[in-house]
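For reference, the chains in residue letters:
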Amino acid sequence: MASLVVCENSSAVQDVEALQKACKGWGADEKAIIKILGHRNAAQKRQIRQAYEQLYQEDLVKRFESELSAMYRWILDPEDRDGVLANLALKNIKKEYGVIIEIACVLSAEQLLGVRRAYQCRYKRSLEEDVAANTTADMRK
């Protein structure tokens, strides 16, 4: 099995320019985006998002959401990504409670608090209230 290796000497500005080029024109060059983001850790991705906003006065996450399907999650912080996954699991017609259970059981209390904050910030609603509104009595236990 292959693993991705994080590039330690990457430049956020060069990455931003390459990402901008990959998103230009009809459709996005998903392979180029994966090549860049697949080799960056969370801190480097945060720097890329900040540099993109400074250079282009546009939110990279929103740009990716419009250009790409689920790939935009690659640029999110882990807490944001888990919040988005929880929301998608709850909005799905056939509720995917396994996602909610995994988030609740696997994360530490501190990480779970981060997910709750990110969810509140993104959706302007409480994660707990959305879970309660979208679950039946048996699942709430």
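In the block above lies the structure referred to throughout.
Source: prediction; values computed, not measured.

Rules behind the numbers
Residues numbered from 1 in each chain as written. Predicted model: local features only at pLDDT ≥ 70, side-chain atom pairs only at ≥ 80, totals over all residues. Heavy atoms only, no water. Helix = DSSP H or I, 4+ residues; strand = E, 2+ residues; numbered from the N terminus. Buried < 20%, exposed > 50% of the residue type's maximum accessible area, 1.4 Å probe, protein only. Contact = heavy atoms within 4.5 Å. Polar contact = N/O pair within 3.5 Å; in protein donor to acceptor, adjacent residues only side chain to side chain. Patch = residues over 30% accessible without salt bridge, like charges linked within 9 Å, V, L, I, M, F, W, Y side chains within 5 Å. Areas by Shrake-Rupley, 256 points an atom, 1.4 Å probe, with all protein chains shown as cover. Salt bridge = Lys/Arg side-chain N within 4 Å of Asp/Glu carboxyl O.

> Could you give me a rundown of the side chain of Arg 63, with the residues and numbers involved?
Mapped onto the elements of the fold, Arg 63 is located in helix α4 (residues 60–67). Residue classification places Arg 63 among the buried positions, given a relative accessible area of 13%. Discounting chain neighbours no more than four positions away, the residues touching Arg 63 are Gln 20, Cys 23, Lys 24, Tyr 52 and Glu 58.

> So what's going on with the environment of Asp 59? Which residues, and what values?
Within the secondary structure layout, Asp 59 lies in the loop between α3 (42–56) and α4. Note on Asp 59: relative accessible area 30%, which makes it partly exposed. With near-sequence residues (within four places) excluded, Asp 59 lies in contact with Tyr 52 and Glu 53. For Asp 59, the side chain forms a polar contact with the main-chain nitrogen of Val 61, separated by 3.2 Å.

> A description of a nonpolar patch on the surface should follow, citing residues and the corresponding values.
A contiguous nonpolar patch, built from Val 13, Leu 55 and Tyr 56 and spanning about 230 Å² of accessible area, is present on the exposed surface. Within the secondary structure, Leu 55 is located in helix α3. For Leu 55, a relative accessible area of 41% translates into the label partly exposed.

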